[in-house]
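Remarks on the overall topology
Each chain, letter by letter, is given below.
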Amino acid sequence: MVENSWGPGANSGHLIITDEWFNEYMFRLVVQQKYITDKVKEVLKQTPVRLPAWDPMFANEVD
């Protein structure tokens, strides 16, 4: 169950989204730190890498 960011609407602003949907469409998610694991907290300490605007991000790599 996900709370949408654009207001209450249907189902009091909550959506049911499948794991398959997340795998296909999700690339950014906001979660309060109290809900993440220590392993994820360690990853967040890394310096981010800024990609150029034209970078395909998750596109299949070409050999």
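See above for the structure.
Below is a summary of the structure that appears in this document. (Residues numbered from 1 in each chain as written. Predicted model: local features only at pLDDT ≥ 70, side-chain atom pairs only at ≥ 80, totals over all residues. Heavy atoms only, no water.)

**So, the overall build of the protein**
- When its secondary structure is counted, the protein shows two helices and two strands.
- Going from N to C terminus, the protein has its helices and strands arranged as β-β-α-α.
- Relative to its full complement of 63 residues, the protein shows a buried share of 5%.
- For the protein, the exposed area adds up to about 6800 Å²; of that, 55% sits on carbon and sulfur atoms. (Helix = DSSP H or I, 4+ residues; strand = E, 2+ residues; numbered from the N terminus. Buried < 20%, exposed > 50% of the residue type's maximum accessible area, 1.4 Å probe, protein only. Areas by Shrake-Rupley, 256 points an atom, 1.4 Å probe, with all protein chains shown as cover.)

**Structural notes on the packing of aromatic side chains**
- All chains considered together, the criterion is met by two aromatic pairs.
- For the ring pair Trp 21 and Phe 22, a centre distance of 5.6 Å and an interplane angle of 90° mean the geometry is edge-to-face.
- Residue Trp 21 is classed as partly exposed on the basis of its relative accessible area of 35%.
- A residue is classified by how much of its surface remains accessible, and Phe 22, at 24% relative accessible area, is partly exposed.
- For the pair Trp 21 and Tyr 25, a centre-to-centre distance of 5.5 Å together with 40° between the ring planes defines the contact as tilted. One end of the pair, Trp 21, and the other, Tyr 25, are both in helix H1 (residues 19-25), four residues apart, so they sit about a helical turn from each other. (Phe/Tyr/Trp six-rings, centres within 6.5 Å; stacked < 30°, edge-to-face > 60°.)

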